[in-house]
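Structure assessment
Spelled out, the chains give:
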Amino acid sequence: MLSVNGRSYRRPSGPVVVVCVDGCENDYLTEAARAGVAPFVGAMLKDGRIADCVVPSFTNPNNLSIVTGVPPSVHGICGNYFYDRDAGAEVMMNDPKYLRAGTILAAFADAGAQVAVVTAKDKLRKLLGHKLRGTCFSAETADAGTAELVGMPVPSVYSAELSEFVFAAGVKLMARKRPDITYLSTTDYVQHKAAPGTPAANAFYAMMDRYLAQLDAAGATVALTADHGMNAKHRADGSPNVIYLQDLLDEWLGAGDARVILPITDPYVVHHGALGSFATVYVRADVKKKIQALEGIETVLDREEAAERFELPPERIGDLVVVSGKHVVIGTSKSRHDLSGLKEPLRSHGGISEQKVPLLINRRLNGVPADRRLRNFDVFDLALNHAH
Ligand SMILES: [Zn+2]
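Residues numbered from 1 in each chain as written. Predicted model: local features only at pLDDT ≥ 70, side-chain atom pairs only at ≥ 80, totals over all residues. Heavy atoms only, no water.

**Overview of the nonpolar core**
One recurring pattern in soluble globular proteins is that nonpolar side chains are buried together. Formed by 122 residues in total, the largest nonpolar core has its most connected members in Y183, L212, I291, F310 and F380. Considering every element that reaches this core, the biggest residue donor is helix α8 (residues 161-176), with nine residues. Residues in contact with F310, not counting those within four places in the same chain, are V55, F278, L301, V321, V323 and I352. Counting residues in hydrophobic clusters, the runner-up holds six residues, among them V242, Y244, L342 and L346. (Core = buried A, V, L, I, M, F, W, Y, C linked by side-chain atoms within 4.5 Å. Buried < 20%, exposed > 50% of the residue type's maximum accessible area, 1.4 Å probe, protein only. Helix = DSSP H or I, 4+ residues; strand = E, 2+ residues; numbered from the N terminus. Contact = heavy atoms within 4.5 Å.)

**A closer look at the packing of aromatic side chains**
Where two aromatic rings form a pair, the distance of their centres and the angle of their planes describe that pair. Following the criterion strictly, the structure yields eight aromatic pairs and no others. Pairing Y158 with Y189 gives two aromatic rings, centres 6.5 Å apart and planes at 45 degrees, and the pair type is tilted. Pair noted here: Y158 is in the loop between α7 (144-150) and α8 and Y189 is in helix α9 (residues 189-193), with a separation of 31 residues, a long-range link. In this structure Y158 comes out as partly exposed when scored by relative accessible area, which is 27%. When its relative accessible area of 19% is taken as the criterion, Y189 is described as buried. Each ring, one from Y183 and one from F380, has its centre 6.3 Å from the other, and the planes form 40 degrees; the classification is tilted. Within this pair, whereas Y183 is found in strand β9 (residues 181-185), its partner F380 is found in helix α14 (residues 379-386), the two being separated by 197 residues in sequence. Given the relative accessible area of 0%, Y183 is considered buried. Its relative accessible area of 1% is what places F380 among the buried residues. An aromatic cluster is built from Y28, F204 and Y205, whose rings are joined through pairwise contacts. (Phe/Tyr/Trp six-rings, centres within 6.5 Å; stacked < 30°, edge-to-face > 60°.)

Now the structure itself:
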């Protein structure tokens, strides 16, 4: 057994592939299976479980929870973006210096296992590959040699092919190196645009299904989960359903008194305009009740309440945490959001409404009671300790 961040993991007896499908609301899987285009996923769904992801239901906090097996209160990554109080600046949180825990991947590699990590977007590569002695690359910055290995041209960062490249790489690596542990992490480009059951979504899951079936045929334990779900966040007329919280606070308190941080912010905002259902606010004035009273707000928590409920590092969130409802997003100021790239009605995530995610394994699970609350970051525990 290997101990990582206080949890124990059994060494795999055969190859194990953990897949984090970005933005994979469970309905995508059930709809694709129902349409008959994802038979392998359909078979896994029969014993499939539903797990809770980390809130904020964003990509980085959840990918890091999955590979460390612990929540952001332990590993430190609580957003894609945050206000660094020490530096007095708003910064991306994709630098490993913000990571406070080692990964299961690096620990197994140090113990002699062969480990491979492939991510779609490069923003995750450094965090996932932190101190990892093994294969680790992103589809976004794949070079010609990698493209040749994968057998696909390097795709555009805004494309379904970026995720296909990840799956194809996983299959090729399995054939060539047969890693003991493989972690594949895709991008939610398709999920931000296409609802479950639509032709574009079903095409994505049909593609995924073919690759996962190949990994299964190669004898791998395949475990699938998601970093977060995805919901429609627009009005009936198709316009994004936004509460511009910074504008409201400026109106209530005067400009410069409050700072709204959107941890969804990243370099790739084209498909969501940096609009999600979670915000953190640095503010001295007591505006909690006033924000809570806004239509479309699900909950407002003080720093300590939020840190406890969502298992977040309190020093990396604001005085308040604001979560909007299932079909509502939070913005800063209207003028700061470039929505020109939003060609389809907004779909996004970040809230409690996107917390339920699938957790599927192509093996029978032993010793996992039906009433155990599963987290997406239990996936390595299930795949290594409970799948036979
Ligand atoms: Zn994501």
